[in-house]
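Take a look at the letters that make up each chain.
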Amino acid sequence: MSLGRSRARQLSLGLLALVIVDIFQLYVPRVIKFGVDELTLGQATFASLFNMGLIIMGLALGMALLRLVWRPILFGFARQVEKDLRSALFERVQSLDLAYFQKNTAGELMARATNDLTALRLAVGLGMVAAMDSLVLGLATIGFMVYLNPTLTFWAFLPMPLMAVAGRLVSKRMHRQFVRGQEAFADLTELVRETLSGIMCVKTYGLSKRETSNLHASGRRLVEVNMSLARVMGFFFPLMTLYTNLSLALVLAVGGPLAILGDMTPGDFVAFAAYLNLLSWPMMALGWVVSMIQRALGAGRRIDEVLKARSTIKEPLEPQKTGPEPPGFSLSKVTFYYPEAGEPALKQVSLAIEPGKVTGLVGPVGCGKSTLLLLLARLYEPQEGEILVQGKRIDRLSLDSLRGIMAQSPQGAFLFTDTVRANLSLGKPDATDDELWSALENAELASEVEELPQGLDTRLGERAQTLSGGQRQRLSLARALLTDAPFLVLDDPLSAVDTDTERRILKNLSSFRKGRTTLVVSHRLASVAFADQIVVLEKGAVVEKGDHNRLMAKKGLYHKLFAEQAELAGLES
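In short, a report on the structure. Please read all numbers here as calculations on a predicted model, not as lab measurements.

## Side note on the overall build of the chain
For step 1, the next point in the chain: Each helix and strand in the chain was counted, giving 19 helices and ten strands.
For step 2, the next point in the chain: Rg of the C-alpha trace for the chain: 36 Å, well past the compact-globule value of 25 Å for 573 residues, more than 25% over.
For step 3, the next point in the chain: Overall, the chain is about 120 × 50 × 50 Å in size when its C-alpha atoms are taken along their principal axes.
For step 4, the next point in the chain: Within the chain, buried positions represent 45% of all 573 residues.
For step 5, the next point in the chain: Sequence-distant contacts, at least 24 apart, represent 77% of the contacts inside the chain between residues at least 6 apart.

Right, here's the structure in full:
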């Protein structure tokens, strides 16, 4: 991620203000040294001590003002990095194909977009400040200590090798625990998301206690991992304090006699102790830096995995465009396997979806109907065979061009927690009210929307649960009809609608879609009887093709399924 000039200048200003604050802190012990030496030698006057007090007050005021400069700049920079990463992460996720989401749960991705990004923000903001303090303030403090007394500095830093070894061992354990913590948080997030998404199923089957028990178990695992991490960190930071106090004890044991014997002035000794105390923050900051870097490394790796992920659906280098004529699709010996599936979902499928006509697609459950639709939209790509639209291979069209000629109304209608108008106009944001009502009329939903409290501007509940299943399906259908796309795909869009309403909707479609390409997928064979051509799938293969009358005359699978459904309908009536 590159920095813009303006942001780079702001970052430089913030770091400069932070360095100046550190420099000001370094001069306070120097002022105290001169004051102690004057007092010891009996040379101190009210004026000299007052001036030294003013200098310390001036340094304190300068540090306060400069902190007002660097804090919003550096922490604001961290927030901006977090925002940019979140945007990049969101854009990348939206560009990935469906196969990626089969391997990575929504909860896992949400954890990376929240918890992991927070860890990176803390590393970039507070971590950068702590690192700068450790570098500038720590090295400068050591320099002043060496200048005052190299021998005493040696004794002060005698415990350093022990600290380095302990820090390395602890940091490795911290990294492992941070990664485990992020994974446990992702599992918990996915559990909560899935439970809330399926809350109706949870309540219907009385699964509240089971889900609560699962949440407690997942929460306990997260607590256990974080407590293990806390124990590691609880060992690390007291270790830093022990080092500082051990160094102070050595300084008192060695430096005290030096001051008494006159090998260093009392002021130098007090200043040396003040610098050693000043060094405690860089040492503690070093602990924070190690802690945050370990967490950021784990978070960065998880975020980088998403940012480096690439869709298997590639844009062509020289994309072609579709023409203005009604699109027709043809499949030639298409075979498709889902990842890690033993049997093909589609095998050697060859069929034609004639331009400007209605094609029906039917077959038993699991025969490959929905898979075929995914291939037409190029959400997956076949392992064998080719798919053409208007005589062009669909993998040579840009994805925007291909999907721009299509509109789909799926069986599982997804609606946003928004108004009827917003859900209806997703594919055509500039649609007029007349166009919206016309689409609703064609979907046999206009009268029901008129009865809503605010009509088109009625706000729907979570996933439009305030509507019935049939209303949600018809609203999804109206959304697809509103786009007036050249190629309309209806994937069992009326399964929750009664047969009389379905009959009226199909009659509207016959008139509204006349001369345009339509593909109707349905488990109700009567719903596709009006189609110009009906394709029958079984176990991923095309077994029959023709219009309703021809297929009924063949007395094959279509005839059998149609007779079974007719008999069932008769029993139900």
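There is more to say after this.
## Examining the nonpolar core
For step 1, the next point in the chain: The biggest cluster of nonpolar side chains holds 42 residues, and the ones touching the most others in it are Leu 424, Leu 440, Leu 475 and Ile 534.
For step 2, the next point in the chain: Per element, the largest residue contribution to this core is six residues, and it comes from helix H16 (residues 469-483).
For step 3, the next point in the chain: Those residues in contact with Ile 534 that lie beyond four places of it in its chain are Gly 360, Val 362, Val 528, Ala 529, Glu 544, Lys 545, Gly 546, Asp 547, His 548, Leu 551 and Tyr 558.
For step 4, the next point in the chain: Residues Ala 99, Leu 346, Ile 353 and Phe 487 belong to the second largest nonpolar core, which totals 31 residues.

## Description of the packing of aromatic side chains
For step 1, the next point in the chain: Scanning the model with the defined rule gives ten aromatic pairs in all.
For step 2, the next point in the chain: When the centroid spacing of 4.6 Å and the interplanar angle of 35° are considered together, the rings of Phe 329 and Phe 487 count as tilted. With Phe 329 in strand E1 (residues 329-336) and Phe 487 in strand E7 (residues 487-491), the pair connects residues that are 158 residues apart, well separated along the chain. In terms of burial, Phe 329 and Phe 487 fall into one category: buried.
For step 3, the next point in the chain: Following the ring pairs from residue to residue traces out a cluster consisting of Phe 336, Tyr 338 and Tyr 380.

## Regarding the side chain of Gln 471
For step 1, the next point in the chain: Tracing the sequence through the fold places Gln 471 in helix H16.
For step 2, the next point in the chain: Of the residues examined, Gln 471 reaches a relative accessible area of 18% and is grouped as buried.
For step 3, the next point in the chain: At 2.9 Å, the side chain of Gln 471 forms a polar contact with the backbone nitrogen of Ser 468.
For step 4, the next point in the chain: Each residue touching Gln 471, except ones within four places of it in the same chain, is listed here: Leu 445 and Glu 448.

## Section: the sheet that holds strand E10 (residues 541-546)
For step 1, the next point in the chain: Read across the open sheet, the six strands follow the order E6-E7-E8-E3-E9-E10; overall the sheet is mixed. Each edge of the sheet is formed by a strand with only one pairing partner; in this case those strands are strand E6 (406-409) and E10. Strand-to-strand twist in this sheet, taken as the mean axis angle between neighbours without regard to direction, amounts to 15°.
For step 2, the next point in the chain: Looking at chain direction, strand E3 (residues 358-362) and strand E9 (residues 533-538) are connected through four bridges and run parallel. For Leu 361, the partnering residue across the bridge sits in E9 and is Val 535.
For step 3, the next point in the chain: Along the sheet, H16 contacts E6 and E7; its crossing angle with E6, the most-contacted strand, is approximately 170°.

## Quick look at a nonpolar patch on the surface
For step 1, the next point in the chain: Taken together, the side chains of Phe 46, Phe 50 and Leu 54 make up a nonpolar region of the molecular surface, amounting to roughly 370 Å² of accessible area.
For step 2, the next point in the chain: Looking at the element boundaries, Phe 50 is found in helix H2 (residues 46-95).
For step 3, the next point in the chain: Phe 50 sits in the partly exposed class, given a relative accessible area of 46%.

## What to know about the pattern of salt bridges
Between side chains of opposite charge, pairing is possible as soon as their charged atoms come close.
For step 1, the next point in the chain: This model, assessed by the stated rule, comprises 21 salt bridges.
For step 2, the next point in the chain: Notably, a salt bridge pairs Asp 433 with Arg 421, separated by 2.6 Å at the nearest N-O pair. With a gap of twelve residues between them, Asp 433 in helix H14 (residues 433-442) and Arg 421 in helix H13 (residues 420-424) connect regions that are remote in the sequence.
For step 3, the next point in the chain: A relative accessible area of 38% places Asp 433 in the partly exposed class.
For step 4, the next point in the chain: Measuring nitrogen to oxygen at the nearest pair gives 3.0 Å for the salt bridge that ties Arg 503 to Asp 500. With a gap of three residues between them, Arg 503 and Asp 500 both fall in helix H17 (residues 499-512), about one helical turn apart.

## A short note on the environment of Val 365
For step 1, the next point in the chain: With respect to the secondary-structure elements, Val 365 resides in the loop between E3 and helix H11 (369-376).
For step 2, the next point in the chain: The class of Val 365 is exposed, set by a relative accessible area of 87%.
For step 3, the next point in the chain: For the pair formed by Val 365 and Ala 106, sequence separation is 259 residues and the distance between their alpha carbons is 27 Å.

## Description of the sheet that holds strand E5 (residues 392-393)
For step 1, the next point in the chain: Across the sheet, which stays open at both edges, the four strands sit in the order E2-E1-E4-E5 with antiparallel pairing between neighbours. A single partner strand is all that each edge strand has here, and the edge strands are strand E2 (346-353) and E5.
For step 2, the next point in the chain: Across two bridges, strand E4 (residues 384-389) lies against E5 in antiparallel orientation. The residue of E5 that forms the bridge with Leu 388 is Arg 393.

## A few points about the side chain of Gln 25
For step 1, the next point in the chain: Here Gln 25 lies in helix H1 (residues 5-41).
For step 2, the next point in the chain: Classification of Gln 25 as buried rests on a relative accessible area of 18%.
For step 3, the next point in the chain: When near neighbours in sequence (up to four residues on either side) are disregarded, Gln 25 contacts Met 63, Arg 67, Leu 137 and Leu 278.

## Observations concerning helix H5 (residues 126-148)
For step 1, the next point in the chain: Taking 1.5 Å of rise per residue, the 23 residues of H5 would be expected to cover 33 Å, and the 31 Å separating its terminal C-alpha atoms lies within 8% of that figure.
For step 2, the next point in the chain: Among the residues making up H5, those that are buried are Gly 127, Val 129, Ala 130, Met 132, Asp 133, Ser 134, Leu 137, Gly 138, Thr 141, Met 145 and Leu 148.

## Here we look at the pairing of E7
For step 1, the next point in the chain: With respect to burial, E7 is a largely interior element, five of its five residues being buried.
For step 2, the next point in the chain: Neither face of E7 is open: one carries Phe 487, Val 489 and Asp 491, the other Leu 488 and Leu 490, and all of them are buried.
For step 3, the next point in the chain: Bridging between E6 and E7 involves four bridges; their strand directions are parallel. Within E7, the residue paired with Ser 409 across the bridge is Leu 490.
For step 4, the next point in the chain: As paired elements, E7 and strand E8 (residues 517-521) share five bridges and run parallel to each other. Among the inter-strand pairings, Val 489 is bridged to a residue of E8, identified as Leu 519.

Criteria and cut-off values
Residues numbered from 1 in each chain as written. Predicted model: local features only at pLDDT ≥ 70, side-chain atom pairs only at ≥ 80, totals over all residues. Heavy atoms only, no water. Helix = DSSP H or I, 4+ residues; strand = E, 2+ residues; numbered from the N terminus. Rg over C-alpha atoms; globule rule 2.2 N^0.38 Å. Buried < 20%, exposed > 50% of the residue type's maximum accessible area, 1.4 Å probe, protein only. Contact = heavy atoms within 4.5 Å. Core = buried A, V, L, I, M, F, W, Y, C linked by side-chain atoms within 4.5 Å. Phe/Tyr/Trp six-rings, centres within 6.5 Å; stacked < 30°, edge-to-face > 60°. Polar contact = N/O pair within 3.5 Å; in protein donor to acceptor, adjacent residues only side chain to side chain. Pairing = 2+ DSSP bridges. Axes fitted to C-alpha atoms, helices over the stretch in contact; angles between N-to-C directions. Patch = residues over 30% accessible without salt bridge, like charges linked within 9 Å, V, L, I, M, F, W, Y side chains within 5 Å. Areas by Shrake-Rupley, 256 points an atom, 1.4 Å probe, with all protein chains shown as cover. Salt bridge = Lys/Arg side-chain N within 4 Å of Asp/Glu carboxyl O. Expected span 1.5 Å × (residues − 1).

Limitation: the analysis is restricted to geometry and does not speak to function.
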